[in-house]
Amino acid sequence: MRSFTSDNRASGSRHKDARRDDSTKSLYDHANSFFLSIAGRADDRDVLPPEKTDGHRDRHILAQLIEILEPDDAARLSTELLDEFGSIGRLMGESEAALARVLRDNRAIIRLLKATEKITLVSLQNQLPRKLISATDQRLVRYLRACMGSRTTEIMRVLFLDSSNHLLGDQEFGAGSPQRMFVQPRSIVKRALEFDASGIILAHNHPGGTITPSKSDIEFTKSIKALCMELEIRLHDHIIITRDQWASFRKLRII
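Residues numbered from 1 in each chain as written. Predicted model: local features only at pLDDT ≥ 70, side-chain atom pairs only at ≥ 80, totals over all residues. Heavy atoms only, no water.

Is there a simple way to think about the packing of helix 8 (residues 185-195) against helix 9 (residues 215-230) in this case?
Helix packing for two helices is described by the angle between their axes and how far apart those axes are. Between helix 8 and helix 9, whose axes approach to 10 Å, the crossing angle comes to 40°. Taken as axis vectors, helix 8 and helix 9 run oblique relative to one another. Classified by chirality, the crossing of helix 9 by helix 8 is right-handed. Contacts between helix 8 and helix 9 involve Pro 185, Arg 186, Ile 188 and Val 189 from the first element and Phe 220, Ser 223, Ile 224 and Leu 227 from the second. Class assignment of the residues belonging to the contact of helix 8 with helix 9 gives a composition of 6 nonpolar, 1 polar and 1 charged. (Axes fitted to C-alpha atoms, helices over the stretch in contact; angles between N-to-C directions. Helix = DSSP H or I, 4+ residues; strand = E, 2+ residues; numbered from the N terminus. Parallel < 35°, antiparallel > 145°, perpendicular 65-115°, else oblique. Left-handed = near helix turned anticlockwise from the far one by under 90°. Contact = heavy atoms within 4.5 Å. Nonpolar A, V, L, I, M, F, W, Y, C, P; charged D, E, K, R; others polar.)

Whenever I open this one, the pattern of salt bridges confuses me. Can you help?
Side chains bearing opposite charge may pair, as long as their charged atoms lie close to each other. Within the structure shown, the criterion is met by 11 salt bridges. Linking Asp 137 and Arg 139 is a salt bridge whose minimum nitrogen-to-oxygen distance equals 3.1 Å. For Arg 157, the salt bridge goes to Asp 170, with nearest N and O atoms at 2.4 Å. Of this pair, Arg 157 sits in strand 2 (residues 156-161) while Asp 170 sits in strand 3 (residues 167-173), placing them 13 residues apart in sequence. Relative accessible area serves as the criterion here: at 17%, Asp 170 is assigned to the buried category. (Salt bridge = Lys/Arg side-chain N within 4 Å of Asp/Glu carboxyl O. Buried < 20%, exposed > 50% of the residue type's maximum accessible area, 1.4 Å probe, protein only.)

Just checking my understanding: could you explain empty space enclosed by the protein for this structure?
Here the idea is plain: a probe the size of a water molecule rolls over the atoms and shows the empty space left. This structure, assessed with the given rule, holds 2 cavities of 30 Å³ or more. Approximately 50 Å³ is the volume attributed to the largest cavity. In terms of lining residues, the largest cavity is bounded by 11 residues, among which Gly 89, Gly 93, Ala 146, Cys 147 and Arg 151 are the most central. Counting residues per element, the ones that place at least two in the lining of the largest cavity are helix 4 (88-92) and helix 7 (138-149). Across the lining of the largest cavity, the residue classes break down as 5 nonpolar, 4 polar and 2 charged. (1 Å grid on protein atoms, 1.4 Å probe; cavity = no way out; pocket = protein on both sides within 12 Å on 5 of 7 lines; lining within 4 Å. Points joined across faces, edges and corners; volume = space filled by probe spheres on them.)

Can you walk me through the packing of aromatic side chains in this structure?
When we look at a pair of aromatic rings, we describe it by the centre distance and by the angle of the planes. For the structure on display, the rule yields 2 aromatic pairs. Measuring from centroid to centroid gives 6.4 Å for Phe 160 and Phe 173, while their planes differ by 65°, and the two rings are edge-to-face. Residue Phe 160 is found in strand 2, and its partner Phe 173 is found in strand 3; the two are separated by 13 residues along the sequence. Residue Phe 173 is classed as buried on the basis of its relative accessible area, which comes to 8%. Here Phe 160 and Phe 195 contribute two aromatic rings whose centre-to-centre distance is 4.7 Å and whose plane-to-plane angle is 25°, an arrangement assigned as stacked. One end of the pair, Phe 160, is in strand 2; the other, Phe 195, is in helix 8, with 35 residues separating them in the sequence. A relative accessible area of 22% places Phe 195 in the partly exposed class. (Phe/Tyr/Trp six-rings, centres within 6.5 Å; stacked < 30°, edge-to-face > 60°.)

This is a description of form; function is not addressed.
Dropping the structure here:
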């Protein structure tokens, strides 16, 4: 089993191809526009809104969602949830057991939050182009950020493509901690063969917020690339995802 560790130190410089894009900031932004229909989709902007504004907005939207089931207790529950998890994007990425620490026996709200997460992710997946011409297509970045950007532990997601770069499917791999992820490279290649995939895109998150690849990130990517080359599977790219940034190994000329 292979492990690789993130470099969670503050990055001294940002690659010119990294993005800061409010419309892809977190699962919250998509749930807000798609599922809740309270505010329209945010336009792409270079500057993120102030953190205080985000907190107020999260609290307001989450309370409106919870009001569907608990109209008299929505404000208190939304406050407790955000005090525990920090943002809607992060709490929707948490497990049912983690949500139950705050919501206790209120299983209906837990199911509502998890259903919101699933519907939003399906919506974003459906927005992916039928042919993934570029691994850094903004629709793909939105989907990956929604899936992984707010996660508190590292996880790897692999997208499997056919010879025309059509998406065959995607899957999570590895058990992670905030700074390390354990993945078996051969398990990824095995799944690619099961899909009869001609290419793959790797993506993993950095909970610490930096988009700088660590030494172990690079070594892992090169080992995957070597395995893929033996089987004539193309490694299109490896993308690092954070809450508000992303980086491409191919644009960084690592692969």
